[in-house]
Amino acid sequence: MGLTVGQAAEASHQLDLIPLNENTPKLRVAKANALVEAQFELTSQEHKLLLVAMAQIRKDQTQFHEQVFQVQDLVEHLELNPKNAYRDLRRISKGIMSKQVTIRNDDTGEWRMYQWVSKAYCERGTFGIKFSEELKPFLIGLVGRFTLYELGRILRMKSNYAIRLYELFQQYRKFGNRVVGLDPKLAARNGWDNFSKLMGYNHETYERFANLNQKVLQPAIAQIEQFTEFKKVYVKKIKHGRKTVALEFEWKTIDTLEDLPNHPLYSDLRALGVTDATCREIFSKFDEDRIVRNLALAKAHHRSQTLSNPAGWFVTAVRENYADPELPLDAIAQDQDPKTESTKSKPEHPLFHDCATPAEFRNLVAAEKERGERFSSYSEFLNYSVNQQVERYQGSSTD
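Predicted model only: the values in this text are computed from it and were never measured.

Visitor: Could you give an account of the pattern of salt bridges, naming the residues involved and the relevant values?
Guide: The full count for this structure, using the stated rule, is 16 salt bridges. For Asp183, the salt bridge identified is with Lys243, shortest N-O distance 3.2 Å. Residue Asp183 is located in the loop between β8 (177–181) and α8 (184–190), and its partner Lys243 is located in strand β11 (residues 243–253); the two are separated by 60 residues in the primary sequence. Members of the salt-bridge network, linked through shared partners, are Glu37, Arg178 and Asp193.

Visitor: How would you explain helix α3 (residues 44–54) if you had to name every residue and give the values?
Guide: Along α3, 11 of the 11 residues are buried, which leaves the element largely enclosed by surrounding structure. Of all the positions in α3, only Ser44, Gln45, Glu46, His47, Lys48, Leu49, Leu50, Leu51, Val52, Ala53 and Met54 are classed as buried.

Visitor: Could you give me a rundown of the sheet that holds strand β2 (residues 67–70), with the residues and numbers involved?
Guide: Judged by pairing direction, the sheet is antiparallel, and its three strands sit side by side in the order β2-β6-β5 without closing on themselves. Sheet topology places β2 and β5 (117–123) at the edges, where each strand pairs with a single neighbour. The average angle at which neighbouring strand axes cross in this sheet is 15°, direction not considered. By the bridge criterion, four bridges tie β2 to strand β6 (residues 126–131) in an arrangement that is antiparallel.

Visitor: How would you sum up the packing of aromatic side chains? Please name residues and give values.
Guide: Counting across every chain of the model gives 15 aromatic pairs. Consider the rings of Tyr166 and Phe230, whose centres lie 5.7 Å apart with planes at 75°: the pair is edge-to-face. Highlighted residues: Tyr166 in helix α7 (residues 160–171) and Phe230 in strand β10 (residues 230–240), separated in sequence by 64 residues. One exposure class covers both Tyr166 and Phe230, and it is buried. Among the aromatic residues, those joined into a cluster by ring pairs are Tyr149, Tyr161, Tyr166, Phe169, Phe195, Tyr201, Tyr206, Phe230, Phe249 and Trp251. A cation over an aromatic ring shows up here: Arg164 above the ring of Phe40, its NZ or CZ 3.6 Å from the ring centre.

Visitor: Residue-level account of the side chain of Thr126, with values.
Guide: As for its placement among the helices and strands, Thr126 is situated in strand β6. Judged by its relative accessible area of 14%, Thr126 falls in the buried class. Excluding residues within four positions of it along the chain, Thr126 makes contact with Leu17, Val68, Phe69, Gln70, Val71, Tyr86 and Tyr121.

Rules used throughout
Residues numbered from 1 in each chain as written. Predicted model: local features only at pLDDT ≥ 70, side-chain atom pairs only at ≥ 80, totals over all residues. Heavy atoms only, no water. Salt bridge = Lys/Arg side-chain N within 4 Å of Asp/Glu carboxyl O. Helix = DSSP H or I, 4+ residues; strand = E, 2+ residues; numbered from the N terminus. Buried < 20%, exposed > 50% of the residue type's maximum accessible area, 1.4 Å probe, protein only. Pairing = 2+ DSSP bridges. Axes fitted to C-alpha atoms, helices over the stretch in contact; angles between N-to-C directions. Phe/Tyr/Trp six-rings, centres within 6.5 Å; stacked < 30°, edge-to-face > 60°. Lys NZ or Arg CZ within 6 Å of the ring centre and 35° of its normal. Contact = heavy atoms within 4.5 Å.

Right, here's the structure in full:
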């Protein structure tokens, strides 16, 4: 039987070089959700090489063909050493060829195991790779349940856990949250996704949450917030007794900030004099509770006419978290309140009663220690705080 016109055209392009350029990161990776949730272990370079190849699959493609790249192009996108590119690509390919991906049905216990690729080679300055035919249902002709994202979102990530966690967020992007189980038995009982399988780590290796948090979660979340559209990720621990048995992830994306002018806090900040750009920066970095508490402080001082620059003071307050600072408590007992007359042991400080909260007074004392002398007035303290923040911000901007 002869090839159709479309199949013949597709076959004729099998060995064409695929150019990688500045537009490559804008290509999109499309994966069936079953593949996103599959069980596999890859290094970050192995995973990124596969994703670069997946991003080249065309919508109208009906079969896999060899994808051939210039080695020098892959050097940049995979951050390889140019001098050892052939050796590194052989190492990465060998790792991919020796590993499998398992798609499992936890309800029935059924599973299927697949090879990622059927071929990989380096010759005459080119690198070739071909996906295994068995993966066609998960990468070609996708309809319905699949996850789509830009390749550039993951290329700068160093951690494979970051890549996998990002894909899990993308899969549930429209919901804004996702619950995963850390204890395999409780996960199955409560219908939670098994986090160790989704992320590709050995459950026994990170059975203690402290280890999991330090080695897996925090590095992954830091890279996601730095390089992707998920700019604020929150993690809520779900406990059974004293043990953390599940996690609930919540996130804010860049898209969320598009509707920021409709947020009730936005008008309050703008009325205080905070610019639109600064509002967006604050909402992308800090949770609403922190913004609300520090805004209340700024409003209180503004009403008492003690602020010459209320917008600047608020920005400093929310960045430094005046409403709940982590400062030394040796200057004032934790139970002392500047506005409570029943305080038994009040410090002898001339500006004690000018502060709105114990936290603000602790901040004032810390600032005095920092500069080596007391403030002559409350206004001087406020101006000093704003100036210090401006200097720190300008200094960080020039680094």
